[in-house]
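Here is how the chains run, residue by residue.
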Amino acid sequence: MFDNVDEGHPEGEKTVKYYYNREERIANAPEIVKKYYRGDMKPVRGIKIFFTGSNKYIFFALIFFVGVAWIYSGFNRSRNYAKVQGLDFEVVSYSFEDQIYSSVSVKWNPKADGKNKGDRNITAEIFLIDGDKQVVNKDIKSITYTADDAETKYMRVRHTDFDIIRCDVILTVNDEEKEISTAVKR
């Protein structure tokens, strides 16, 4: 139908005629294209896609790194938790109606050895830190914990909100110190 139509070309140049013959095009194509059109190349589907050529290395590397991250997160507790002399300490800090509430909980760790179940004098220095990393307020709370109680005890403080973003606590248990910290939940 359009075989004899001159589509226009610059003067002095030959006209170019395009052939769209499928068989000729496939005959001149690279070998991978010929295989595809013959039906020799079947796409890999399903779970087998992870075990082909270089995909299996990527798949096993992905499994390895996910496993490492999972194991690391299991062994690495957050900074708001500490164990000192058979006691578990946890600090929680949150904001409510322009007030900052901070609480340090103390409880006996049942997995700790039973040799040293005497009284423990606990001192908590609670520092409230603002956005400029300056100490806004400092409180000192003290309690005596007896392992025979086997109950959770709390040391709590409340402050007016001065753009406090973090709560740091230095725990002293019978002259052994640990530091724990948490962000203020809004």
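Residues numbered from 1 in each chain as written. Predicted model: local features only at pLDDT ≥ 70, side-chain atom pairs only at ≥ 80, totals over all residues. Heavy atoms only, no water.

1. Some thoughts on the overall build of the protein chain
Helices and strands together make up the secondary structure of the protein chain, namely three helices and eight strands. Counting from the amino terminus, the protein chain carries its helices and strands in the arrangement α-α-α-β-β-β-β-β-β-β-β. Across the 186 residues in the protein chain, those meeting the buried criterion constitute 25%. Across the protein chain, every contact between residues at least 6 apart in sequence was considered, and the portion connecting residues at least 24 apart equals 53%. When the accessible area of the protein chain is evaluated, it comes to approximately 14,300 Å², of which 53% is carbon and sulfur surface. (Helix = DSSP H or I, 4+ residues; strand = E, 2+ residues; numbered from the N terminus. Buried < 20%, exposed > 50% of the residue type's maximum accessible area, 1.4 Å probe, protein only. Contact = heavy atoms within 4.5 Å. Areas by Shrake-Rupley, 256 points an atom, 1.4 Å probe, with all protein chains shown as cover.)

2. Notes on the nonpolar core
Membership of the largest hydrophobic core comes to 23 residues, with the highest contact counts inside it found for Leu-87, Phe-89, Val-104, Ile-122 and Val-169. The element contributing the most residues to this core is strand β7 (residues 164–173), with five residues. Setting aside anything within four residues of it in sequence, one finds Val-169 in contact with Val-91, Val-104, Ala-124, Glu-125, Ile-126, Lys-178, Glu-179 and Ile-180. (Core = buried A, V, L, I, M, F, W, Y, C linked by side-chain atoms within 4.5 Å.)

3. Topic: unusual backbone geometry
Phi is positive for Gln-85, which is not a glycine, with a value near 50°. Topologically, Gln-85 is positioned in the loop between β1 (81–84) and β2 (87–96). According to the relative accessible area criterion, Gln-85 is partly exposed, its value standing at 25%. Even without glycine at this site, Glu-97 takes up a positive phi of about 50°. If you trace the backbone, Glu-97 turns up in the loop between β2 and β3 (99–108).

4. Re the pairing of β3
Burial analysis of β3 places seven of its ten residues in the buried class, which makes it a mostly covered element. Summarising the sheet, β2 and β3 pair through ten bridges and their orientation is antiparallel. Pairing of Val-91 across the sheet is with Val-104, part of β3. Connecting β2 to the next strand, β3, in antiparallel fashion are two residues, including Glu-97 with a positive phi near 50°. The pairing of β3 with strand β6 (residues 153–160) spans eight bridges and is antiparallel. Counterpart to Gln-99 in the pairing with β6 is Thr-160. (Pairing = 2+ DSSP bridges.)

5. Some thoughts on a nonpolar patch on the surface
Taken together, Val-44, Ile-47, Ile-49, Phe-50, Phe-51, Phe-60 and Ile-63 make up a surface patch of nonpolar side chains, about 650 Å² in accessible area. Summarising the element assignment, Ile-47 is placed in the loop between α2 (31–38) and α3 (55–75). (Patch = residues over 30% accessible without salt bridge, like charges linked within 9 Å, V, L, I, M, F, W, Y side chains within 5 Å. Salt bridge = Lys/Arg side-chain N within 4 Å of Asp/Glu carboxyl O.)

6. Points about the sheet that holds β6
Consider a sheet: its strands pair through backbone hydrogen bonds, and that pairing is either parallel or antiparallel. As summarised here, the arrangement of the four strands in space is β1-β2-β3-β6, forming an open sheet in which the pairing is antiparallel. Two strands close off the open sheet at either side, each with one partner strand: β1 and β6. Each strand of the sheet is rotated relative to its neighbour by a mean of 20°, with strand direction disregarded. (Axes fitted to C-alpha atoms, helices over the stretch in contact; angles between N-to-C directions.)

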